[in-house]
Amino acid sequence: MSKIRHKLVVMISGNGSNLQALLDSDAYCGDIVLVVSNNANAYGLVRAQKQGIETFVPDKHNYDEFLNKKLDEVQPDGIILAGYLKIVPQQIVKQYQNKIINIHPSLIPSFCGKGYYGAKVAQVALDYGVRYTGVTTHFVSEQADEGPIIFQEIVAINSEDTVTSLTNRVLEIEHALIVKTVVYFCNHCLKVDGRHVLIGGQHEA
Ligand code: GAR
């Protein structure tokens, strides 16, 4: 029996190591047909181009309009925010309800929301003195980092950690978690029930 294919758009802003994890995975992570970036210099665009994937950087002056138009053309089944550091326009969030997934480098609801992104998140976790941080994948809702949580993984912080060491350890976990999340999504194993995401019909323990 042939598998139903899943057309995905991945959105990035920088290095694109999470995008690379999806590209390198042996598991079915959808057909990535387009990589969008708000940053024309993002290395993630090069990663996509090396694989022959179309890339797109919406014009800064009419950003939302250009992005909208492109997504209308592509008609994706899902949009993966893999280190995308810009707020997604509300109209797109509404149109793709429960189809946009974000990865965040903390255990939401800690250290998340407006202004918390990339290495800054490791810095605030270290400054706060928490013993554990982690990674969260979630569906995107109208409020930044507030949508229903899909998976979370814990990362322990030790006394020798620096922003760099913690960021790198968290990133390693991210790469596995983004793949797992996209595999579940593309296999129709995630069902949103209010604030909860049922995994394969069950709440994840
Ligand atoms: C990742 O740590 C990702 O979780 C984070 O940006 C980094 C991008 O790395 N995203 C956020 O902070 C979103 N709020 P990458 O470009 O190497 O994938």
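Residues numbered from 1 in each chain as written. Predicted model: local features only at pLDDT ≥ 70, side-chain atom pairs only at ≥ 80, totals over all residues. Heavy atoms only, no water.

Visitor: An account of the site of the ligand is needed here, citing residue identities and associated values.
Guide: Near the ligand you find 15 residues, and of these Gly16, Ser17, Asn18, Gly118 and Glu174 are the closest. Asn18 has a polar side-chain atom sitting 2.9 Å from an oxygen atom of the ligand. The separation between an oxygen atom of the ligand and a polar main-chain atom of Gly118 is 2.9 Å. Tallied by class, the residues present in the shell around the ligand amount to seven nonpolar, seven polar and one charged. (Near = heavy atom within 4 Å. Polar contact = N/O pair within 3.5 Å; in protein donor to acceptor, adjacent residues only side chain to side chain. Nonpolar A, V, L, I, M, F, W, Y, C, P; charged D, E, K, R; others polar.)

Visitor: Residues and numbers for the pairing of strand S8 (residues 190-193), please.
Guide: Direction of pairing for S8 relative to strand S9 (residues 196-199): antiparallel, over a ladder of four bridges. From the neighbouring strand, Lys191 faces S9, where its bridge partner is Leu198. The hairpin turn running from S8 into S9, its antiparallel successor, is two residues long, and Gly194 in that turn takes a positive phi close to 65°. (Pairing = 2+ DSSP bridges. Helix = DSSP H or I, 4+ residues; strand = E, 2+ residues; numbered from the N terminus.)

Visitor: Account for the UniProt feature "binding site: (6R)-10-formyltetrahydrofolate" (unreviewed entry) in the chain, with residues named and values stated.
Guide: The UniProt feature table records "binding site: (6R)-10-formyltetrahydrofolate" (unreviewed entry) at Lys60, Leu85, Lys86, Ile87, Val88 and Asn102. Structurally, Lys60 is set in the loop between strand S3 (54-56) and helix H3 (63-74). Exposure remark for Lys60: the relative accessible area of 66% places this residue in the exposed category. Here Val88 is to be found in the loop between strand S4 (78-81) and helix H4 (90-95). With relative accessibility at 7%, the residue Val88 sits in the buried group. When near neighbours in sequence (up to four residues on either side) are disregarded, Val88 contacts Leu81, Val93 and Ile100. (UniProt positions renumbered as here; feature names shortened; annotations may be inferred. Buried < 20%, exposed > 50% of the residue type's maximum accessible area, 1.4 Å probe, protein only. Contact = heavy atoms within 4.5 Å.)

Visitor: Describe the pattern of salt bridges, and please don't skip the residues or the numbers.
Guide: Applying the stated rule across the entire model yields four salt bridges. The partner of Lys70 in a salt bridge is Glu73, and the shortest N-O contact between them spans 3.7 Å. With Lys70 and Glu73 both in helix H3 and three residues apart, this pair spans about one turn of that helix. Here Glu73 falls in the exposed class, since its relative accessible area comes to 53%. A salt bridge links Asp161 to Arg169; the nearest nitrogen and oxygen atoms lie 2.7 Å apart. For Asp161, a relative accessible area of 11% corresponds to the buried category. Each of Glu54, Lys70 and Glu73 takes part in salt bridges that share partners, so that together they form one network. (Salt bridge = Lys/Arg side-chain N within 4 Å of Asp/Glu carboxyl O.)

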